[in-house]
Structures are given as structure tokens and as C-alpha cells.
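A structural walkthrough
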Amino acid sequence: MEFSDIESDLTEILFTEDEIHAKLAELARRIEADYAGTKPLLVGVLRGAVMVMADLARELTIPIEMDWMAVSSYGSGTQSSGVVRILKDLDTDLHGRHVIIVEDIIDSGLTLSWLRGNLATRGAESVEIVALLRKPDAAKVEVDVKYEGFQIPNAFVIGYGLDYAEQYRNLRGIGVLAPHVYS
Ligand code: IMP
């Protein structure tokens, strides 16, 4: 799906597909250098990180493995509470593994902060985070993100895996959702 297919649902185009791919290539070069000689486990957080995972993993020139988790955050409405429930757990034993959590976006940071702590207790050698987007103004807890793509304003964004009510995940780029869609 292109921006032109949902033009009236957007107030702003933030990143085109090409810009996203260029940023993922940059992050991939850093990851390759940092993990040379190892085989990191990329842990994708369903469902938003599917596109980031697919493109980042193919960009990497070092061997990797992939696994997936699905988590849901208890909270009221759209507010994340930081209390997280695992809906789908990993199939991989983390003992001695170098783990890289792959996320689409960090908003309050509560989910990721919990997830990193959870994975760290499973015997992983290291746990780092790659996130394509981060909203610094929305942070409720500071999360140390080693590989960060773009910082964005505190607005609701869609596309490239990110949804509103399960829609727009298949938009190639990323844009700001127009208020008339959700109000
Ligand atoms: P956090 O615990 O508040 O950091 O929650 C992060 C999760 O909220 C992300 O993995 C997304 O699923 C969702 N999310 C946060 N901001 C947005 C947004 O602007 N668009 C779509 N989903 C978002």
C-alpha cells in the first residue's frame, strides 16, 4: 500500500520506504561489526515488528536466528501500564545467547523495559535492543536502546508494521494518522 492509497487518512508523511531501508542498512552495518563472529538471536515483538525484522534480517550479512514473542500490556485504553502478559513465548533457549530485541516503536518504554528484564533472567549472554522509531517525549521509563532508527514527535503513527485497529500495517512508509480516523 502506498501513501497515495490512504492520502486523506494522513496528516504528514514521515518516512518513505527508501528512507526506512537506508536507516536499516546503517543499523545493520553497526550490528554486523558489533556481533562479528557470533550468531545473535533476533527476537521480534509481534505484531508491529514484522516488517522491521524482515528487512533488517535480510540486510544483515552475518548469520542470525529469529524467534518471536507476543506480549500484551495490561492498561486502560491506549495507556500502557508496564504490567505485561506473555501471549506467545520464545521457542529458543536463551542460555549463552546474544539476544537482540527487534521493535517497531518505543512509546512509553514500559513494555520493552519489562521485556528486556524478562529475557535477561533467562541466562542470555547479552540483551540489546533495536527499535526503528522512538518517541522521546512519551517516555515514562528510560530504555537503553543501542540501535535506534529515528526519533519522532509524540504523535500516533502508522505504516510499516504499525497499525491503528489492525489497519495500515501494509503501508510501505510511515506517516502520522489524521485525527478524524480515530475521533
Ligand atoms: P510502550 O510500552 O508504551 O513503549 O508501547 C509500545 C507499543 O505500543 C508498540 O510496540 C506499539 O505496538 C504501540 N504503539 C505505540 N505508539 C504507537 C504509534 O504511534 N502507532 C502504532 N502503535 C504504537
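As the structure is a computational prediction, the values presented were derived from the model and not from experiment.

Working note: a packed helix pair is described by the angle between its axes plus the distance between those axes. The geometry of helix α1 (residues 17-34) relative to helix α2 (residues 50-59) is characterised by a closest axis approach of 9 Å and an angle of 55° between their N-to-C directions. In terms of orientation, α1 and α2 fall into the oblique class. Crossing of α1 against α2: the hand is right-handed. Residue-level inspection shows H21, L24, A25, A28, R29, I31 and E32 of α1 in contact with α2, the latter providing V52, D55, L56 and E59. A per-class count over the contact of α1 with α2 returns 6 nonpolar, 1 polar and 4 charged.

Per the counting criterion, the structure on display carries 3 aromatic pairs. Note on F15 and F150: the rings are 3.8 Å apart at their centroids and 15° apart in plane angle, and the pair reads as stacked. Taken as a pair, F15 in strand β1 (residues 10-15) and F150 in strand β7 (residues 147-151) lie far apart in primary sequence, 135 residues in all. On the basis of relative accessible area, F150 is assigned to the buried category, the value being 15%.

Rolled over the atoms, a probe as big as a water molecule pinpoints where empty space is left. Under the counting rule described, the total for this entry stands at 1 cavity of 30 Å³ or more. Roughly 40 Å³ of volume is contained in the largest cavity. Residue lining of the largest cavity: I106, D107, R134, K135, A139, V141, E142 and V143, and that is the complete set. Split by residue class, the lining of the largest cavity holds 4 nonpolar, no polar and 4 charged.

With that settled, the discussion passes to the site of the ligand. Close contacts around the ligand come from 15 residues, with S108, G109, T111, K135 and V157 the closest. Residue D104 places a side-chain N or O atom 3.3 Å away from an oxygen atom belonging to the ligand. Here an oxygen atom of the ligand and a side-chain polar atom of K135 are 2.8 Å apart. Across the complex, the protein chains shield 82% of the 500 Å² of accessible surface that the ligand would expose by itself. Mapped onto the shell around the ligand, the elements with two or more residues apiece are β5 (98-106) and α3 (110-120). Per-element tally for the shell around the ligand: the top contributor is β5, with 3 residues.

Criteria and thresholds
Residues numbered from 1 in each chain as written. Predicted model: local features only at pLDDT ≥ 70, side-chain atom pairs only at ≥ 80, totals over all residues. Heavy atoms only, no water. Axes fitted to C-alpha atoms, helices over the stretch in contact; angles between N-to-C directions. Helix = DSSP H or I, 4+ residues; strand = E, 2+ residues; numbered from the N terminus. Parallel < 35°, antiparallel > 145°, perpendicular 65-115°, else oblique. Left-handed = near helix turned anticlockwise from the far one by under 90°. Contact = heavy atoms within 4.5 Å. Nonpolar A, V, L, I, M, F, W, Y, C, P; charged D, E, K, R; others polar. Phe/Tyr/Trp six-rings, centres within 6.5 Å; stacked < 30°, edge-to-face > 60°. Buried < 20%, exposed > 50% of the residue type's maximum accessible area, 1.4 Å probe, protein only. 1 Å grid on protein atoms, 1.4 Å probe; cavity = no way out; pocket = protein on both sides within 12 Å on 5 of 7 lines; lining within 4 Å. Points joined across faces, edges and corners; volume = space filled by probe spheres on them. Near = heavy atom within 4 Å. Polar contact = N/O pair within 3.5 Å; in protein donor to acceptor, adjacent residues only side chain to side chain. Areas by Shrake-Rupley, 256 points an atom, 1.4 Å probe, with all protein chains shown as cover.

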